[in-house]
Every structure is written in structure tokens, then in C-alpha cells.
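Remarks on the overall topology
The residues making up each chain are set out below.
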Amino acid sequence: MSVASAQASAFYEEFLTNGQVFAVRDDAGFPAPRNPEGARAMPFWSKRSRAEKD
């Protein structure tokens with residue numbers, strides 16, 4: 001199993017267990033970085049502690 005696959009699996013398992021996801025927002029709003037093709041994606045985390053990490 002790849003690292004990305006393992007992380008995705010953990011995300012889904014934690015979401016199903018806790019029923020919530022977390023995002024980051026500041027005065028400018030929610031970050032939405034662009035991927036190499038230029039599309040935007042809003043990051044989500046399955047645990048508050050992960051969203052709050054530096």
C-alpha cells in the first residue's frame with residue numbers, strides 16, 4: 001500500500017468514526033492551493049490536531 005493510499009484510508013476511517021472533518025480559515029478565507037494543472041482544491045483533515053499542525 002502506498003503512503004497516499006494509507007493516508008486516504010486513515011482519513012476515511014477517522015471520518016466514519018467521528019463524523020466530521022476540519023479545514024483551516026483565516027481573515028482571508030479558506031486556502032485553496034492550485035495543483036499542477038491549475039485546479040484549486042480545499043484541504044480537509046480528519047482530526048483537529050492535524051489541521052492545527054504547523
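Residues numbered from 1 in each chain as written. Predicted model: local features only at pLDDT ≥ 70, side-chain atom pairs only at ≥ 80, totals over all residues. Heavy atoms only, no water.

As for the overall build of the protein chain
Helices and strands together make up the secondary structure of the protein chain, namely 2 helices and 0 strands. Projected onto the principal axes, the alpha-carbon positions of the protein chain cover approximately 30 × 25 × 20 Å. Per-residue burial for the protein chain yields a buried fraction of 7% across its 54 residues. Sequence-distant contacts in the protein chain: of pairs separated by 6 or more residues, those separated by 24 or more amount to 37%. When the 7 positive and 7 negative side-chain charges of the protein chain are each reduced to one mean point, those points stand 2 Å apart. (Helix = DSSP H or I, 4+ residues; strand = E, 2+ residues; numbered from the N terminus. Buried < 20%, exposed > 50% of the residue type's maximum accessible area, 1.4 Å probe, protein only. Contact = heavy atoms within 4.5 Å. Lys, Arg positive; Asp, Glu negative; His and termini not counted. Charge placed at Lys NZ, Arg CZ, Asp CG, Glu CD.)

As for the side chain of Glu14
Tracing the sequence through the fold places Glu14 in helix 1 (residues 3-18). Look at Glu14 and you get buried, because its relative accessible area is 14%.

Concerning the packing of aromatic side chains
Summed over the entire model, instances satisfying the criterion amount to 1 aromatic pair. When the centroid spacing of 5.6 Å and the interplanar angle of 85 degrees are considered together, the rings of Phe11 and Tyr12 count as edge-to-face. The class of Phe11 is partly exposed, set by a relative accessible area of 23%. For Tyr12, a relative accessible area of 54% translates into the label exposed. (Phe/Tyr/Trp six-rings, centres within 6.5 Å; stacked < 30°, edge-to-face > 60°.)

Worth remembering: the numbers are spatial, not functional.
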